[in-house]
Amino acid sequence: MFDLFSNFITRAVTVGALVSLCAALLGAILVLKRYSMIGDGLSHVGFGAIAVGAAANLTPIYFALPMVVISAFVLLKMSSNSKMSGDSAIAIISSSSLAIGITVCSVTGMNSDLNSYLFGSILATSKSDAVFAIILSVIIIGCFFLFYNKIFAVTFDEDFSKATGVRTNAYNMLIAVLTALTIVIGMRIMGTLLISALIIFPSLTSMRIFRSFRSVIISSVVVSLFCFFTGMMISFSFDTPTGATVVLVNLALFIVFWVVSKVLKR
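Being a predicted model, the structure only gives us computed values, none of them experimental.

K.L.:
Tell me about the overall build of the protein, residues and numbers included.
P.N.:
Summing up its helical and strand segments, the protein has 12 helices and 0 strands in all. In sequence order, the protein lays out its α and β elements as α-α-α-α-α-α-α-α-α-α-α-α. Dimensions along the principal axes, computed over C-alpha positions, put the protein at roughly 50 × 45 × 35 Å. Among the 266 residues that make up the protein, the fraction classed as buried is 51%. A sequence separation of at least 24 residues applies to 77% of the contacts in the protein between residues at least 6 apart. Of the roughly 12,500 Å² of accessible surface on the protein, a fraction of 67% belongs to carbon and sulfur atoms. Measuring between centres, the 16 positive side-chain charges of the protein sit 10 Å from its 9 negative side-chain charges.

As structure tokens, then:
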């Protein structure tokens, strides 16, 4: 498997496509459940964890994984507290984690070493990163399709699902964990500042035209993969940052779908 990823282009395409696919599958769920900003909060947690892991001479991405997953649990627990809204919980965790990461970088002088995680660097994807991304992506995609019906029910009518005996808390936690895993594998190529855009944009774009949950999911996957490959080709052609270019392509496609939706309504 390691020989398969000897070429950095192969690693970049493989990891980028997997991240785009996983992000598209989860995006519609997060938007419909009004968890749109959870990706942003967890990405900041990831940056803080990576900074601490690097300072402690640990493998940053492996140290960040459990920290982001634990934060997803904490975030849902705080959001379920009637005294604190979900947005407030995300703001607390996001800003605190980012502050920790910046402080650690400043004190240890590792600013340049962590830039690839902060802003994304698809060329920095190593063989072990690619294998790690494949393993996590298989887990994410497998769980999504295995529990598709339950996730669908919890997304659209959580109260009814709870009344019919569905363990809604467990499936909400599953969604949060899958989002955390997607954030971790996407931080390397998109950066902690932009990975949340990869989760939200494709679903919002698809919702301009499509209405059913399944059609939005399928469209989101197509949009996400199209934007990634287009953004990567533009990035390589004009020497622009890959993560930022992918997001700008997503923005352009969102505008196109929005215009088309207006025309169709007329």
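From this point on, the discussion continues.
K.L.:
So what about the packing of helix α10 (residues 195–207) against helix α11 (residues 213–238)? Which residues, and what values?
P.N.:
Contact pair α10 / α11: the axes reach a minimum separation of 8 Å and the direction vectors enclose 125 degrees. Taken as axis vectors, α10 and α11 run oblique relative to one another. Where α10 crosses over α11, the two elements pack in a sense that is right-handed. Counted together, Leu198, Pro202, Ser203, Thr205, Ser206 and Met207 of α10 and Val216, Ser219, Ser220, Val223 and Ser224 of α11 form the full contact between these two elements.

K.L.:
Just give me the short version of a nonpolar patch on the surface, but keep the residues and values in it.
P.N.:
The grouping of Leu248, Leu251, Ile255, Trp258, Val259 and Val263 at the surface amounts to a nonpolar patch, some 550 Å² of accessible area in total. Tracing the backbone through its elements, the reader meets Trp258 in helix α12 (residues 242–265).

K.L.:
Requested: an account of helix α9 (residues 168–190), with residues and values cited.
P.N.:
Counted at 1.5 Å a residue, the expected span for α9 with its 23 residues is 33 Å, and the 31 Å between its end C-alpha atoms agrees. Approximately 30 degrees is the largest bend angle found in α9, and it occurs at Val184. Within α9, 20 of the 23 residues are buried, which leaves it mostly tucked inside the rest of the structure. Where α9 ends, the next residue or the one after it, Gly191, has phi of about 90 degrees, a positive value.

Rules used throughout
Residues numbered from 1 in each chain as written. Predicted model: local features only at pLDDT ≥ 70, side-chain atom pairs only at ≥ 80, totals over all residues. Heavy atoms only, no water. Helix = DSSP H or I, 4+ residues; strand = E, 2+ residues; numbered from the N terminus. Buried < 20%, exposed > 50% of the residue type's maximum accessible area, 1.4 Å probe, protein only. Contact = heavy atoms within 4.5 Å. Areas by Shrake-Rupley, 256 points an atom, 1.4 Å probe, with all protein chains shown as cover. Lys, Arg positive; Asp, Glu negative; His and termini not counted. Charge placed at Lys NZ, Arg CZ, Asp CG, Glu CD. Axes fitted to C-alpha atoms, helices over the stretch in contact; angles between N-to-C directions. Parallel < 35°, antiparallel > 145°, perpendicular 65-115°, else oblique. Left-handed = near helix turned anticlockwise from the far one by under 90°. Patch = residues over 30% accessible without salt bridge, like charges linked within 9 Å, V, L, I, M, F, W, Y side chains within 5 Å. Salt bridge = Lys/Arg side-chain N within 4 Å of Asp/Glu carboxyl O. Expected span 1.5 Å × (residues − 1). Bend = angle between axes of the 7 residues up to and from the residue.

As far as function goes, none of this settles anything; it's purely spatial.
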